[in-house]
Amino acid sequence: MATLDLAELDIRTVNRRLQGRTGDPNESAFEVLHPMGRHTLAAGINRPIDVTIRGHVGYYCAGMNQQARVTVEGNAGVGVAENIMSGEVRVQGYASQSAGATGHGGLVVIEGDASARCGISIKGVDIVVGGSVGAMSGFMAQFGTLVVLGDAGADLGDSIYEARLYVRGKVESLGADCIEKEMRDEHRQQLAELLERAGMDARPEEFRRYGSARQLYNFKVGNIGYY
Amino acid sequence: MCGIVGLYLKNPALHDRLGEFFAPMLIEMTERGPDSAGIAIYREEPEVAAKVCAYSADTRIDWSAIARAMVDDLGIEVAVERNASHAVFRSPSPDADLRGWFERERPDLRIMSSGAALEIYKEVGLPATVLERFGIAGMQGSHAIGHTRMATESAVTTEGAHPFNTGDDLCLVHNGSLSNHNRLRDWLRRHAGLTFQTENDTEVAAAYLTWRLREGDSMETALEGALRDLDGFYTFAIGTRSGFSVLRDPIACKHAIMAETEDWVGMATEYRALARLPGVENARIWEPKPATVYTWGST
């Protein structure tokens, strides 16, 4: 495993190496030391490598991730795994606001709590939060899944499109056009698979599902011929 | 943008090292606010009951002469200590109205702070330069709050830099912007008789709290009032003579993170400002919730 120490290297040097733009292209496992809350660490990786960051990171860690598996042994600042396309980003501590924002694919796991607007505007990513999520999580979420083992803050799923939200604990309030929906077999199965991928110990039967009432947005299925 | 930091030392044994812990926190917030920086330090000093921190852009100003005039007028002891563009006036008389004297006799000078423990230093320039100029890293005290400013609502001037102090020992720093500050400033002027030194939105928030505390509110009640009466985006860090508070607006889009150990409570816009505090690896770290008042010490 290659060791990159941020006490000695700057962020761009470390990110270039992780992105495979410098160093041995066959290296496939990295550990990053002394992140000290710095921003944009491990952003823009597009290759199947393992990255372990030993400590707390700042904003936009592992942003735009593709293929890589990035683990943060600590907390993450705003926008961890923002716009993730594929691969897996795991935060062992808690995540600040907008975790997994706008993500298109892949898996984001927050083992602790995630703050406000977790999964805002997601477009296909799966997010699993071991703790609770803050207010306005799943805001304008278009596609993908947000699984919360703890509670959800106010206005969950406000203005949601077609993403699925699963919450095991209490929901403080639902946002505009977000409603509770029936848990059918297909949902329990999806949830079981996601919990397993995330390594979370919980039973699908304990969760409730929330999604769009489809009254707010203008893409009525009946109008499909007009688009 | 802007960056704010606060450090409240719960363990008095660390008071000698306040500046040493605090200065690197503010420097870490340079990218968020390279225009100007300000520091509020709270330190209780033996035989000091009233302090005023004054500022003049005139490098040849004779601060000692001002202190002598004050002694003559008020008939109390006053000592003055120059610190770069600022000077701290100290008096052992608890009833000394030093601020009132300045407002009456020297309205040309800018009062940065008044109180029994509070001293505020602020200047245009990079945080590292401002800290160096005033020797903040060597200062002792119980708590400090600081601000690095990227201006949005008013000009980049020494006067427009945070923190703002509008009543004895109260000061406030702000990340965000208030949208109803003009009307509220007017109201506070006309109905509460408060005076303002700038057109800055944050000064209005500080004045609002001064007014509420004067009416008998606790800091907690005053901040709950602020949630109703202030419109805009904000994360505030607030200092009082023996307390420290944090408040975020109900949407909480302005970032904030807190860390607490047995010895201290730290608050910052970003975690990296806390990353060098002693024992941070075992601190409780959390993000303050929207519309929730956090306070330490007595307020």
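Residues numbered from 1 in each chain as written. Chains lettered and ligands numbered in written order. Predicted model: local features only at pLDDT ≥ 70, side-chain atom pairs only at ≥ 80, totals over all residues. Heavy atoms only, no water.

**Quick notes on the domain arrangement of chain B**
Residue and element names in this part refer to chain B. Formally: Delimitation of the domains relies on an automatic or database domain assignment. Whether two residues are in contact is decided by their heavy atoms, any of which lying within 4.5 Å being enough. What gets called buried area is simply the loss in accessible area from a 1.4 Å probe that two parts show on being joined, summed for both. For this analysis, a salt bridge means a side-chain nitrogen from Lys or Arg found within 4 Å of a carboxyl oxygen belonging to Asp or Glu. Identification of polar contacts relies on pairs of N or O atoms within 3.5 Å, with a donor-acceptor requirement for protein atoms, meaning one able to donate a hydrogen and the other able to accept it, and with residues adjacent in sequence counted only if both atoms are side-chain atoms.
Partitioning chain B into structural domains gives domain 1 (3–44 + 124–297) and domain 2 (45–116). One C-alpha centre belongs to domain 1, the other to domain 2; they are set 24 Å apart. Contacts between domain 1 and domain 2 engage 15 residues on the former and 18 residues on the latter. In total, about 1400 Å² of surface goes out of reach between domain 1 and domain 2, with carbon and sulfur atoms giving 41% of it. A per-residue breakdown of the area domain 1 buries against domain 2 is headed by Phe134, Asn165 and Gln197, which together make up 37% of the total. Where domain 1 touches domain 2, the interface holds one salt bridge. At the boundary of domain 1 and domain 2, one finds ten residue pairs in polar contact (both at pLDDT 80 or more).

**Regarding the sheet that holds strand 6 (residues 110–115) of chain B**
All names here are of chain B. For clarity, the threshold we go by: DSSP-based pairing: two strands are paired if at least 2 bridges between them are found. Runs of H or I in DSSP of at least four residues are treated as helices and runs of E of at least two as strands, each being numbered from the N terminus. Interaxial angle, 0 to 180 degrees, is taken between N-to-C directions of lines fitted to C-alpha atoms, where a helix line uses only the stretch in contact.
Strand order across the open sheet formed by four strands is 4-5-3-6, with antiparallel pairing between neighbours. Edge strands, defined here as strands with exactly one partner in the open sheet, are strand 4 (79–83) and strand 6. Taken pair by pair, the neighbouring strands of this sheet meet at an average axis angle of 20 degrees, ignoring direction. Here strand 4 runs beside strand 5 (residues 86–91); their pairing, made up of five bridges, is antiparallel. Residue Asn83 lies in a different strand from strand 5, and its bridge partner there is His86. Lying on the sheet, helix 3 (residues 98–105) is in contact with strand 3 (50–55), strand 5 and strand 6; it crosses strand 3 at an angle near 35 degrees.

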